[in-house]
Structure formats: structure tokens, C-alpha cells
Number of protein chains: 2
Amino acid sequence: MITIEDFANVELKTGKVLEAQRVEKSNKLIVMKVDTGEERQIIAGIGKAYTPEELIGKSIVVVTNMQPAKLMGVESHGMLLAASDDEGNLSIISPEKQIKQGSKVK
Amino acid sequence: MITIEDFANVELKTGKVLEAQRVEKSNKLIVMKVDTGEERQIIAGIGKAYTPEELIGKSIVVVTNMQPAKLMGVESHGMLLAASDDEGNLSIISPEKQIKQGSKVK
């Protein structure tokens, strides 16, 4: 169990995908340029469920205060949220109504 | 900044709203019965942006391991995620594609 204070340490924001392409030599990782109020590069393992082309323009939700990580030599500054079930289905998470990028999610 | 381990302490799941009604004497709080793989009651302060009627049947994202809290005398067993901007707009967060309730979000 976690408290409200624990959860408040996680900074979640809406973002808009500006650019997306596959990470070289990976069939799963996609590197994106995302506007979360500021531009940032993030990497997500969603390349089996989404093509880079269909991600561009989509609204997403990003953990924006995650320590930067390097995957296959590429830096990620945040983590995209996606839902996945035990049958291998995967969906990104989006605001249901239009709301500007950089909006806080809580 | 948080680590992947910090974030892994937060359990997020997709849910489907089964029932919804306003909390008495509140113009903001809505109490919902939600299926997140198991049925739970949650309360969310989204009553200015959504009517109970339009919430029923919608897919949402819930923090499922939040300590239970009491608001206006009503128990909440989880926290619905919503995006809000500084102009008072608010939107719930939903899977972009159909995926079964109770799917993990990470």
C-alpha cells in the first residue's frame, strides 16, 4: 500500500508525440520526441503494438521526473505509460478529452 | 527525480466504471463502482467536468494500491487518474485502444 504522499513524488504529465522512429536493431523500442510542456526524448517498448508513424500526433502520459536511462545506447528522459494484458495486447494511455500538453496528471 | 523502483511501487490498473453517483452535499465528488479486475469503490473530484451518467461504461486508470481514504464520510479504495490544466479543464485518462479491465499500466 502507498500513501498520497508517495504518489505525489511521481510527476505525471500529458505529452504530445512530435517525432517517432524505431531504435536501430530493436523490434520493440521506439524513440520519440515528446512535448510535455518542454521537449524531451523518451524511449518506450511499444514497437510491436504501434508503428512510429501512427504515434506521431498522439497524446500520451509520461512520468516526467524519472532518472534518465540509456537503452541500446539511446537516452530516455521519462517513461511513457501503457496498459498491457497477459495476452500480449498493449495500449498507450491518453487523456479522454483534448487537454493541452504539459497538463498535470494526478 | 525518482527511480524505476520507486515507480514500481505504484500499482496502476485499467478499470471500467460500472456505477457512478454524486456524493451528497458535494458538487465535485463522484463515487464510483469500478471493475479493475475486482470491484472496488473509488471517489474522484471530477464532478465539475463529468456527470455521473457520462462516466458509466468509461475506461479509466486507477492507482489500486492506495491506502483507503474517507471523503465526506464515503470510503475510497483507489485513485482515479485525471489530467488538469491551469484553466480548469479536466480530463480522465483512458487506454487509447480497447484492453481488458484490470490490465497493468506501466
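Above this text you will find the structure in question.
Since the model is a prediction, treat every value here as computed from it, not as a measurement. (Residues numbered from 1 in each chain as written. Chains lettered and ligands numbered in written order. Predicted model: local features only at pLDDT ≥ 70, side-chain atom pairs only at ≥ 80, totals over all residues. Heavy atoms only, no water.)

Draft legend 1. Up close: the interface of chain A and chain B. Listed by partner, the interface residues are 41 residues for chain A and 41 residues for chain B. Summed over both sides, the interface between chain A and chain B buries roughly 3,500 Å², with carbon and sulfur atoms accounting for 63% of that surface. Joining chain A to chain B, the criterion identifies six salt bridges. Between B:Lys100 and A:Glu87 there is a salt bridge; the shortest N-O distance is 3.8 Å. The interface formed by chain A and chain B contains 23 residue pairs in polar contact (both at pLDDT 80 or more). Within the residue set of the side of chain A that touches chain B, elements represented by two or more residues are α1 (4–8), β1 (12–22), β4 (59–63), β7 (79–80), β8 (82–84), β9 (90–95) and β10 (104–105) of chain A. Examining the composition of the side of chain A that touches chain B, we find that six residues originate from one element, β9(A), more than from any other. The residue inventory of the side of chain A that touches chain B, partitioned by class, reads 22 nonpolar, ten polar and nine charged. For β9(A) and strand β9 (residues 90–95) of chain B, the ladder comprises three bridges, and the chain directions are antiparallel. (Contact = heavy atoms within 4.5 Å. Buried area = accessible area lost by both parts, 1.4 Å probe. Salt bridge = Lys/Arg side-chain N within 4 Å of Asp/Glu carboxyl O. Polar contact = N/O pair within 3.5 Å; in protein donor to acceptor, adjacent residues only side chain to side chain. Helix = DSSP H or I, 4+ residues; strand = E, 2+ residues; numbered from the N terminus. Nonpolar A, V, L, I, M, F, W, Y, C, P; charged D, E, K, R; others polar. Pairing = 2+ DSSP bridges.)

Draft legend 2. Region of the structure containing the relation of the copies chain A and chain B. You can overlay chain A on chain B at an RMSD of 0.0 Å; the transform is a turn of 180° with a shift of 0.0 Å along its axis. Both copies of the chain, as the preceding transformation shows, are related through a two-fold rotation axis. It is A:Ser94 whose C-alpha, among those of chain A, lies nearest the rotation axis, at 2.7 Å. Looking at chain A, 100% of its interface residues are interface residues in chain B too, so the copies touch through the same face. (Least-squares fit on C-alpha atoms with pLDDT ≥ 70 in both.)

Draft legend 3. Just the side chain of B:Lys13, in detail. All names here are of chain B. Note on placement: Lys13 falls in strand β1 (residues 12–22). The side chain of Lys13 is buried and forms no salt bridge, while Glu11, the nearest opposite charge, is found at 4.2 Å. Apart from the residues within four sequence positions on either side, Lys13 is in contact with Thr36, Ile60, Val61, Val62, Thr64, Gly102, Ser103 and Val105. (Buried < 20%, exposed > 50% of the residue type's maximum accessible area, 1.4 Å probe, protein only. Lys, Arg positive; Asp, Glu negative; His and termini not counted.)

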